[in-house]
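Each chain, written out:
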Amino acid sequence: MKTPLLLFSVFFMLCSCKSSKTIISDSHPIHALVSSKSFEFTATSANPMVTQGMAAIANGGLVPPGSTISRIDLTGTGNFLEIEGDSVSANLPYFGERQFGGGYGSATGIEFNGLRENYVQEFNTDKQKYTISFQINNSSDRYMVYVDIFPNLSCVISVNMANRNSIQYNGSVNAIDKGQ
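Conventions we followed
- Residues numbered from 1 in each chain as written.
- Predicted model: local features only at pLDDT ≥ 70, side-chain atom pairs only at ≥ 80, totals over all residues.
- Heavy atoms only, no water.
- Helix = DSSP H or I, 4+ residues; strand = E, 2+ residues; numbered from the N terminus.
- Salt bridge = Lys/Arg side-chain N within 4 Å of Asp/Glu carboxyl O.
- Buried < 20%, exposed > 50% of the residue type's maximum accessible area, 1.4 Å probe, protein only.
- Core = buried A, V, L, I, M, F, W, Y, C linked by side-chain atoms within 4.5 Å.
- Contact = heavy atoms within 4.5 Å.
- Phe/Tyr/Trp six-rings, centres within 6.5 Å; stacked < 30°, edge-to-face > 60°.
- Lys NZ or Arg CZ within 6 Å of the ring centre and 35° of its normal.
- Polar contact = N/O pair within 3.5 Å; in protein donor to acceptor, adjacent residues only side chain to side chain.

A few words on the environment of Ser-140. Relative to the assigned elements, Ser-140 resides in the loop between strand S7 (129-137) and strand S8 (142-149). Taking C-alpha positions, Ser-140 is 8.5 Å from Asn-163, a pair spaced 23 residues apart along the chain.

Right under this line is the structure:
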């Protein structure tokens with residue numbers, strides 16, 4: 001008699017437990033920040049695509065201290081991606097493989113500055129995050145950028161390129177200081 005009662009109790013407790021989902025209000029500061037289209041992302045880590053070539057670099061001891069080949073620490077490197085109205089600019093380090101030959105003097109990192117194309121911005125109420133996507137070209141590559149911004153101002157950026165493997169960055173966003 002105790003076994004069925006115990007099983008029923010455990011089953012009832014498991015079924016009655018559910019995670020609580022925090023819903024952010026319409027007045028949350030994240031809405032004003034993203035709507036302003038005036039913010040800057042600073043990366044704290046890069047997550048390159050792990051390939052055989054990247055594994056060889058890691059095995060050669062060429063990964064920075066405190067990093068692994070799948071997560072490279074970028075703290076204090078001065079990297080950024082900035083959205084200011086219709087313009088976007090970026091200077092992010094790149095770790096990965098080029099798929100097609102590049103010319104001499106080509107940018108080694110992800111570097112662009114110009115007008116964005118195909119800009120889409122939406123708030124996902126189920127996941128409680130903003131998703132932004134856009135495209136931009138420079139002289140050496142075409143970039144497709146995907147930005148996920150969360151209410152705590154943490155951010156994940158994925159960059160797909162025509163000539164290189166994709167890479168992802170983790171970090172945070174802040175409003176651009178207009179008093180500069």
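Let's shift gears to the environment of Asn-59. Among the secondary structure elements, Asn-59 is positioned in helix H3 (residues 52-59). In the structure, Asn-59 is positioned ten residues away from Ile-69 in sequence and 9.3 Å away in space, judged by C-alpha atoms.

Before going further, it helps to spend a moment on the pattern of salt bridges. What the rule picks out here adds up to four salt bridges. Note that Asp-148 is salt-bridged to Lys-129, the shortest N-O span being 3.3 Å. Of this pair, Asp-148 sits in strand S8 while Lys-129 sits in strand S7, and the two are 19 residues apart along the sequence. Residue classification places Lys-129 among the buried residues on the basis of a relative accessible area of 12%.

Soluble globular proteins tend to pack their nonpolar side chains together in the buried interior. Residues Phe-41, Leu-81, Ile-110, Phe-112, Phe-134, Ile-149 and Tyr-169 are the most contacted members of the largest nonpolar core, which totals 34 residues. When near neighbours in sequence (up to four residues on either side) are disregarded, Phe-134 contacts Ile-83, Val-88, Phe-112, Arg-116, Glu-117, Asn-118, Tyr-119, Tyr-143, Met-144, Val-145 and Val-147.

Looking now at the packing of aromatic side chains. Enumeration according to the criterion identifies three aromatic pairs in this entry. Aromatic pair Phe-112 and Tyr-143: ring centres 5.1 Å apart, planes at 45°, arrangement tilted. In this pair, Phe-112 is assigned in strand S5 (residues 110-115) and Tyr-143 in strand S8, connecting sequence segments 31 residues apart. Stacked on the ring of Tyr-119, the Lys or Arg Arg-116 has its end atom at 3.8 Å from the ring centre. Lying across the ring of Tyr-94, Arg-164 places its NZ or CZ 4.7 Å from the centre.

What follows concerns the side chain of Arg-116. Inspection of the secondary structure puts Arg-116 in the loop between S5 and strand S6 (117-124). A distance of 3.3 Å separates a polar side-chain atom of Arg-116 from the backbone oxygen of Gly-85. A polar contact of 2.8 Å, which involves the side chain of Arg-116, links it to the side chain of Asp-86. Every residue in contact with Arg-116, bar those within four places of it in the chain, is listed here: Lys-37, Gly-85, Asp-86, Val-88, Phe-134 and Gln-135.

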